[in-house]
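# A structural walkthrough
As a plain string of letters, each chain reads:
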Amino acid sequence: MNTSSNVDQQELANFNQYAHKWWDTDGEFGALHKINPLRLNFIKRHFAINNKKMLDIGCGGGILSESLALEGAEVTGIDLAEDVLNIAKLHALDSGVKLEYLISSAEDHANQRPEHYDSVTCMEMLEHVPDPQAIVQAAADATKPGGLVFFSTLNRSNKSLLLAVFTAEYLLNIVPKGTHQHDKFIKPSELSQMARQAGLVLIDSAGIDYNPVFKRCALSHDLSINYLMAFQKPQNEVIEP
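Notes on the structure in this doc start here. Keep in mind the model is a prediction, meaning the values are calculated, not measured. (Residues numbered from 1 in each chain as written. Predicted model: local features only at pLDDT ≥ 70, side-chain atom pairs only at ≥ 80, totals over all residues. Heavy atoms only, no water.)

### With respect to unusual backbone geometry
Most peptide bonds adopt trans geometry, and most residues besides glycine take a negative phi value. Of note in the backbone geometry, Glu 115 takes a positive phi value of approximately 50° without being a glycine. Relative to the helices and strands, Glu 115 resides in the loop between α5 (106-112) and β4 (117-123). Even without a glycine there, the phi angle at Glu 124 is positive, about 55°. If you trace the backbone, Glu 124 turns up in the loop between β4 and α6 (132-142). (Helix = DSSP H or I, 4+ residues; strand = E, 2+ residues; numbered from the N terminus.)

Okay, here's the thing in structure tokens:
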């Protein structure tokens, strides 16, 4: 699949229509605001963010990107949803947070800046593209040898169908309707395999438990719904003469 085709136009349109609500902590993307500190803590558990070059693939409105920048990282956020990216840029200006936002696919950006970043993040995006393997490969390609890559996505389980789709979208309305397609969700074993094919080594995983009624969330060992994975790109081997 070429880079220009690894995008679902309906997915982009769906996100763009809610762009103006991205930073409303009580709105359609409130759940992202709730779990963002967990994602940030998971990253910090494995990686010293300050003064590091970081790429946020599928950055959306910039919730994680801004958090990384506030921790001292030199952040580049990329996305193909133009309206959403414009919201990210405006919010960064209003907040006085310095970072770079670009309209770009992960594949194109990795070709332009190979092995450029100390760490790459890709959160809640893999389940929205036709070819997630290509995104995983691009993340690996953009990472320096020895660098870390972080993904979060949704497990294709009966539990996630009940809670992440039916309950979240149709009963509690905490996520915009049509945000998720359960058949695009990715099992942890599948993501691990994609990462291995991209030359990455798994170093840690964690589940995200989110209680929408009490609006509580925590990291856990349960990967059955929403989960995070951390991978490392091995150092290049030095061949002795």
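Alright, that's what it looks like, and here's the rest.
### Concerning the sheet that holds β4
A sheet is described by the order of its strands in space; here eight strands give the open sequence β3-β2-β1-β4-β5-β8-β6-β7, paired in mixed fashion. Two strands in the sheet have a free side with no partner beyond their single neighbour: β3 (100-103) and β7 (216-220). Ignoring strand direction, the axes of neighbouring strands in this sheet form an average angle of 20°. The strands that α6 touches are β1 (53-57), β4 and β5 (143-154); relative to β5, the one it contacts most, it runs at about 150°. Helix α8 (residues 188-197) contacts β5, β6 (201-211) and β8 (226-232) of the sheet and is inclined by roughly 20° relative to β8. (Pairing = 2+ DSSP bridges. Axes fitted to C-alpha atoms, helices over the stretch in contact; angles between N-to-C directions. Contact = heavy atoms within 4.5 Å.)

### Structural notes on helix α4 (residues 82-95)
An α-helical turn contains 3.6 residues, so any two residues separated by three or four positions project in the same direction. Compared with the 20 Å implied by 1.5 Å per residue over 14 residues, the 20 Å span of α4 between its first and last C-alpha is a close match. Restricting attention to buried positions, one finds in α4 the residues Val 84, Leu 85, Ala 88 and Ala 92. End-on view of α4: buried residues confined to an arc of 100°, all on one side of the axis. Turned more than 90 degrees away from the buried face of α4, the exposed residues are Leu 93 and Asp 94. Where the residues of α4 are buried, they touch α1 (9-17), α3 (63-70), β2 (74-79) and β3. (Expected span 1.5 Å × (residues − 1). Buried < 20%, exposed > 50% of the residue type's maximum accessible area, 1.4 Å probe, protein only. Arc of directions from axis to C-beta.)

Just geometry here; none of it tells us what the structure is for.
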